[in-house]
Amino acid sequence: MNKNVEKILELMKEKKYADVREQIVNLNSVHIGEIMEQLDVPEAIILFRTLPKDLAIDVFNYTSSDFQEKLISSITDKELEHIMHEIYFDDMIDLLEEMPAKVVKKILKYSNVEERKLINEFLNYPDNSAGSLMTIEYVDLKKDMTVAKAIEHIKATGVNKETIYTCYVIGEERKLEGIISLRNLILSDYSLPIKDIMKKDIVYVHTHDDQEEVAHVFKKYDLIAVPVVDLEGRLTGIITVDDIVDVIEQENTEDFQKMAAMAPSEEEYLNTGVWKLAKNRLMWLIILMVSATFTGGIIKRFEDVLQSVVILTAFIPMLMDTGGNAGSQSATLVIRSIALGEIKAKDTLRVVWKEFRVSLIVGVILSFINFLRLYFIERVSLNISITVCLTLVFTVILAKIVGAVLPILAKKLKLDPAIMASPLITTIVDAASLIVYFSVAKLMLGI
């Protein structure tokens, strides 16, 4: 791939466009899109114009939204009209959602009244819903059709459909009544009616279902496409697996950003302005900074304990760090399990019991190692060593249970579990571990 790219880029510099066309038509559309984005806009447009029309549409779909905007602003109206007529409907909706108003206006010039009505309907679906993801380019069949008629219908209409591997059987008022695969159609007796061989146990989603729920449906049933129905059960579109791959990437990115205490953003890092990046991070940092004052308040409250036994201060960072790390481990596992649908709210007690046992094992082993270090290597007194190690056990248990329970609680309250990740849990556990530490110290040392 690298050699081909270098060769094409070199030919572009030498303006040998006939040779470029000969070389580039054999490449994958994704690779051609990557080459185009490495060129200046005028050169990219020249390269785009050397492509066969069908290939040009595929390449356009595989370029970034920023590059698409530049391309739309630079190509002729005739070229744009061809793209808009050939592009799949769901890709057009995605394009319109990401483009600025002036570009949207230019695009909409080439859609008729019926298309505009459909576009407006799709754009009115909530963001990140099944309705906003679906396409209307699918094959629908009538249940009274014979297999032979159905195959003729697919041949006549399937050229411009996003997928023909699964066909959707509709009844009166476009109610979804069944599905049938192209494989079953081809292998069935041509005289049979569709209603006798269609599958009636249908997996479907509703237009207002969240995209994350749709992704779970794809994963659970190993689908390549899923029908989307409205509240009355009418077939309104389908979602294909290529769109769900994008959703999974988007949802994972959003979770990572929330777990790092940042406001989620769909823009690429290098294309996001410095001020916007700062704004996305600042609010959570302020919240965490303010919440950390509780830790300072706890230390101040137990100032008499620290003044009596100053050495206790030396172990505060170790206890807080260990507690924060232990809580983050549990939170990360539970958040991921919730995202995969493995843990539900009803499993809370099972999760708590499991994390309690894990934390007990981990806490005892850590405390034993720490006791050996404190008492035999650093020559800390027995009472202080026991105080620190007992606190460590309690801190690990507390941290792991808190880290496991908070994401489940967030899910139950219809919040994103990812917000209950490392930074927030660390802040909570820090405060709790200090209270435990000073309480154990007062009890063990008789302060």
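Residues numbered from 1 in each chain as written. Predicted model: local features only at pLDDT ≥ 70, side-chain atom pairs only at ≥ 80, totals over all residues. Heavy atoms only, no water.

K.L.:
Got a minute to help me understand the overall build of the protein chain in this structure?
P.N.:
Helix and strand content of the protein chain: 23 helices and six strands. A compact globule built from 447 residues would reach a C-alpha radius of gyration of about 22 Å, whereas the protein chain, at 30 Å, exceeds it by more than 25%. Along the first, second and third principal axes, the C-alpha set of the protein chain runs to 90 × 60 × 40 Å. Counting over 447 residues, the protein chain shows a buried share of 44%. Across the protein chain, every contact between residues at least 6 apart in sequence was considered, and the portion connecting residues at least 24 apart equals 67%. (Helix = DSSP H or I, 4+ residues; strand = E, 2+ residues; numbered from the N terminus. Rg over C-alpha atoms; globule rule 2.2 N^0.38 Å. Buried < 20%, exposed > 50% of the residue type's maximum accessible area, 1.4 Å probe, protein only. Contact = heavy atoms within 4.5 Å.)

K.L.:
Explanation requested: the packing of helix H2 (residues 17–24) against helix H4 (residues 41–50) in the structure shown.
P.N.:
If you want to describe how two helices pack, look at the angle between their axes and the distance between the axes. Look at H2 against H4: their axes get within 9 Å of each other, and the N-to-C directions meet at 60°. In the packing of H2 onto H4, the handedness of the crossing is right-handed. Along its contact with H2, which presents Tyr-17, Val-20, Arg-21 and Ile-24, the element H4 presents Ile-46, Leu-47 and Thr-50. Broken down by class, the residue content of the contact of H2 with H4 amounts to five nonpolar, one polar and one charged. (Axes fitted to C-alpha atoms, helices over the stretch in contact; angles between N-to-C directions. Left-handed = near helix turned anticlockwise from the far one by under 90°. Nonpolar A, V, L, I, M, F, W, Y, C, P; charged D, E, K, R; others polar.)

K.L.:
Which parts of the structure should I look at to understand a nonpolar patch on the surface?
P.N.:
Taken together, the side chains of Ile-361, Ile-365, Phe-368, Ile-369, Leu-372, Tyr-375, Phe-376, Ile-377 and Leu-382 define a hydrophobic patch exposed on the protein surface, amounting to about 890 Å² of accessible area. As for its placement among the helices and strands, Ile-361 is situated in helix H21 (residues 348–377). (Patch = residues over 30% accessible without salt bridge, like charges linked within 9 Å, V, L, I, M, F, W, Y side chains within 5 Å. Areas by Shrake-Rupley, 256 points an atom, 1.4 Å probe, with all protein chains shown as cover. Salt bridge = Lys/Arg side-chain N within 4 Å of Asp/Glu carboxyl O.)

K.L.:
What am I meant to see in the pattern of salt bridges here?
P.N.:
For side chains of opposite charge, pairing can occur when their charged atoms come near one another. Tallying each qualifying case throughout the model produces eight salt bridges. Two residues, Lys-195 and Asp-144, come together in a salt bridge whose shortest N-O distance is 3.6 Å. Note that Lys-195 is positioned in helix H14 (residues 194–197) and Asp-144 in the loop between strand S1 (140–142) and helix H12 (147–157), a separation of 51 residues in sequence. Owing to a relative accessible area of 38%, Lys-195 belongs among the partly exposed residues under this scheme. Connected through salt bridges with shared partners, the residues Asp-230, Glu-232 and Arg-234 form a single ionic network.

K.L.:
Teacher, can you tell me more about the sheet that holds strand S5 (residues 225–229) here?
P.N.:
Working definition: the strands of a sheet are paired by backbone hydrogen bonds and lie parallel or antiparallel to each other. In spatial order, the strands read S4-S5-S6; together these three strands make up an open sheet with mixed pairing. Two strands close off the open sheet at either side, each with one partner strand: strand S4 (205–206) and strand S6 (235–240). Relative to S5, S4 is paired through two bridges, and the arrangement is parallel. Residue pairing in the sheet places Val-205 in a bridge with Val-228 of S5. Strands S4, S5 and S6 of the sheet are contacted by helix H15 (residues 211–221), whose axis makes an angle of about 135° with S5. (Pairing = 2+ DSSP bridges.)

K.L.:
For this particular structure, what's the right way to read the pairing of S6?
P.N.:
Here is the key point about a regular strand: its side chains alternate between the two faces of the sheet. Among the six residues of S6, six are classified as buried, and the element is accordingly described as predominantly covered. Across five bridges, S5 lies against S6 in antiparallel orientation. Opposite Val-228, over in S6, you have Gly-237 as the bridge partner. Linking S5 back to S6 in an antiparallel pair, the connection comprises five residues, with Gly-233 at a positive phi of about 80°.

K.L.:
In this structure, what is going on with the packing of aromatic side chains? I would like to understand it.
P.N.:
How two aromatic rings sit relative to each other is given by the distance of their centres and the angle of their planes. Throughout the structure, instances matching the rule amount to nine aromatic pairs. Where Phe-89 meets Phe-122, the ring centres are 4.9 Å apart and the plane angle is 75°; that geometry is what we call edge-to-face. Placement of Phe-89 in helix H8 (residues 89–98) and of Phe-122 in helix H10 (residues 113–123) is noted, with a sequence separation of 33 residues between them. The exposure classification of Phe-89 matches that of Phe-122, with both residues buried. Ring centres of Phe-371 and Tyr-375 lie 5.5 Å apart, and the angle between their planes is 15°; this geometry places the pair in the stacked category. With Phe-371 and Tyr-375 both in helix H21 and four residues apart, the pair spans about one turn of that helix. Accessibility expressed as a relative area gives 30% for Tyr-375, which makes it partly exposed. (Phe/Tyr/Trp six-rings, centres within 6.5 Å; stacked < 30°, edge-to-face > 60°.)

K.L.:
Hey, could you run me through the layout of surface pockets in this one?
P.N.:
Where empty space is left can be seen by rolling a probe of water-molecule size over the atoms. Each pocket or cavity is described by its volume, and for the second largest pocket that value is around 690 Å³. Lining the second largest pocket are 23 residues, and of these Glu-212, His-216, Ile-338, Lys-411 and Pro-417 lie nearest its centre. Those elements that place two or more of their residues in the lining of the second largest pocket are H15, helix H16 (241–259), helix H20 (316–339) and helix H22 (382–412). Element by element, the count of residues in the lining of the second largest pocket is highest for H16, at four residues. Here the residues of the lining of the second largest pocket are counted per class, giving eight nonpolar, three polar and 12 charged. (1 Å grid on protein atoms, 1.4 Å probe; cavity = no way out; pocket = protein on both sides within 12 Å on 5 of 7 lines; lining within 4 Å. Points joined across faces, edges and corners; volume = space filled by probe spheres on them.)

K.L.:
Would you mind going over unusual backbone geometry with me for this structure?
P.N.:
Leave glycine aside and you will find that most residues have negative phi; peptide bonds, for their part, are mostly trans. Notably, Glu-173 is not glycine yet its phi reads approximately 55°, a positive angle. A positive phi is found at Arg-174, a non-glycine position, where the angle reads about 60°.

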